[in-house]
Amino acid sequence: MALSVGTDAPAFTAKDTNGNTVSLSDFAGKTVVLYFYPKDDTPGCTKQACSFRDNYADYQGKDIVVLGVSRDDEASHQQFTQKFNLPFPLLADTDGAIIKAYDVDGGGYAKRVTYVIDGSGKIIHVDSSVNTSTHASDVLAAIGV
């Protein structure tokens with residue numbers, strides 16, 4: 001069962017697409033769209049990532065950070081990012097620690113769930129019924145941006 005709206009978002013630290021260490025605390029004061037997906041370069045996951053890519057300009061200038069999370073490693077994330085020109089970082093959760101903390105473990109992969117976390121670290125929106133084609137605009141509509 002996904003975490004509930006109003007819950008404190010679990011802290012995390014992971015490596016991103018480029019090997020940089022990223023922590024939730026790095027984004028204090030900003031809205032974070034933390035989307036979990038099963039696997040790089042698969043049909044649904046590609047649609048979802050490209051939805052964020054194609055709507056990324058709508059996220060710019062609004063203090064919103066988009067982060068994708070899967071169990072894939074940095075090399076897989078780099079290939080996926082380059083192939084589809086993704087303008088946002090993907091986090092490598094190879095040990096599944098973030099996936100477990102956010103209660104989206106699908107048994108060796110992440111379930112497709114998105115959390116929106118406000119600037120103070122509270123979960124303000126949960127989407128566990130993701131439409132991969134329209135997800136990025138659905139998230140913006142849900143948070144009223």
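Residues numbered from 1 in each chain as written. Predicted model: local features only at pLDDT ≥ 70, side-chain atom pairs only at ≥ 80, totals over all residues. Heavy atoms only, no water.

**Student:** Where do I start with the nonpolar core in this structure?
**Tutor:** Generally speaking, nonpolar side chains in soluble globular proteins are found buried as a group. Ranked by size, the top nonpolar core spans 23 residues in total, and within it Leu34, Phe36, Tyr102, Tyr115 and Ile117 carry the most contacts. Counting only elements with at least two residues in this core, the list comes to β3 (31-36), β4 (64-70), α4 (97-101) and β6 (113-117). With near-sequence residues (within four places) excluded, Phe36 lies in contact with Gln48, Val69, Ile98, Ile99, Tyr102, Val104, Ala110, Lys111, Arg112, Val113 and Tyr115. Core analysis: the next-biggest nonpolar cluster, separate from the first, contains 20 residues, Phe52, Tyr56, Tyr59 and Leu86 among them. (Core = buried A, V, L, I, M, F, W, Y, C linked by side-chain atoms within 4.5 Å. Buried < 20%, exposed > 50% of the residue type's maximum accessible area, 1.4 Å probe, protein only. Helix = DSSP H or I, 4+ residues; strand = E, 2+ residues; numbered from the N terminus. Contact = heavy atoms within 4.5 Å.)

**Student:** Help me understand the sheet that holds strand β1 (residues 13-16), please; the structure alone is not making it clear to me.
**Tutor:** Whenever strands of a sheet pair, they do so through backbone hydrogen bonds, lying parallel or antiparallel. In space, the seven strands of this open sheet follow the order β2-β1-β5-β4-β3-β6-β7, with mixed pairing throughout. Looking along the sheet, the strands with just one partner apiece sit at the ends: β2 (21-23) and β7 (123-127). Neighbour-to-neighbour, the strand axes of the sheet open up by a mean angle of 30°, direction not taken into account. Relative to strand β5 (residues 90-92), β1 runs antiparallel, the two being bridged by two bridges. Looking at the pairing, Lys15 lines up with Ala92 of β5. Relative to β6, helix α5 (residues 135-142) is tilted by about 40°, and along the sheet it contacts β3, β4, β6 and β7. (Pairing = 2+ DSSP bridges. Axes fitted to C-alpha atoms, helices over the stretch in contact; angles between N-to-C directions.)

**Student:** I keep staring at the packing of aromatic side chains and nothing clicks. Help me out?
**Tutor:** Each aromatic ring pair is specified by the distance between its two centres and by the angle formed by the two planes. Tallied over the full model, the rule gives twelve aromatic pairs. With 6.1 Å between their ring centres and 70° between their planes, Tyr35 and Phe88 make a pair best called edge-to-face. Here the residue Tyr35 occupies a position in strand β3, and Phe88 occupies one in the loop between α3 (74-84) and β5, the gap between them amounting to 53 residues. Seen in terms of ring centroids, Phe36 and Tyr115 are 6.2 Å apart; in terms of plane orientation they differ by 90°. Their pairing is edge-to-face. Residue Phe36 is found in strand β3, and its partner Tyr115 is found in strand β6; the two are separated by 79 residues along the sequence. For the pair formed by Phe36 and Tyr115, the shared burial category is buried. Aromatic rings pair up to connect Tyr35, Tyr37, Phe52, Tyr56, Tyr59, Phe80, Phe84 and Phe88 into one cluster. (Phe/Tyr/Trp six-rings, centres within 6.5 Å; stacked < 30°, edge-to-face > 60°.)

**Student:** Would you explain the side chain of Asp40 in this entry?
**Tutor:** Mapping Asp40 onto the fold places it in the loop between β3 and α1 (43-54). The charged side chain of Asp40 is buried without a salt bridge, its nearest counter-charge being Lys39 at 6.8 Å. A polar contact of 2.5 Å, which involves the side chain of Asp40, links it to the side chain of Tyr37. Not counting residues up to four positions away in its chain, the partners in contact with Asp40 are Ser70, Asp72, Ser76, His77, Phe80 and Leu90. (Lys, Arg positive; Asp, Glu negative; His and termini not counted. Salt bridge = Lys/Arg side-chain N within 4 Å of Asp/Glu carboxyl O. Polar contact = N/O pair within 3.5 Å; in protein donor to acceptor, adjacent residues only side chain to side chain.)

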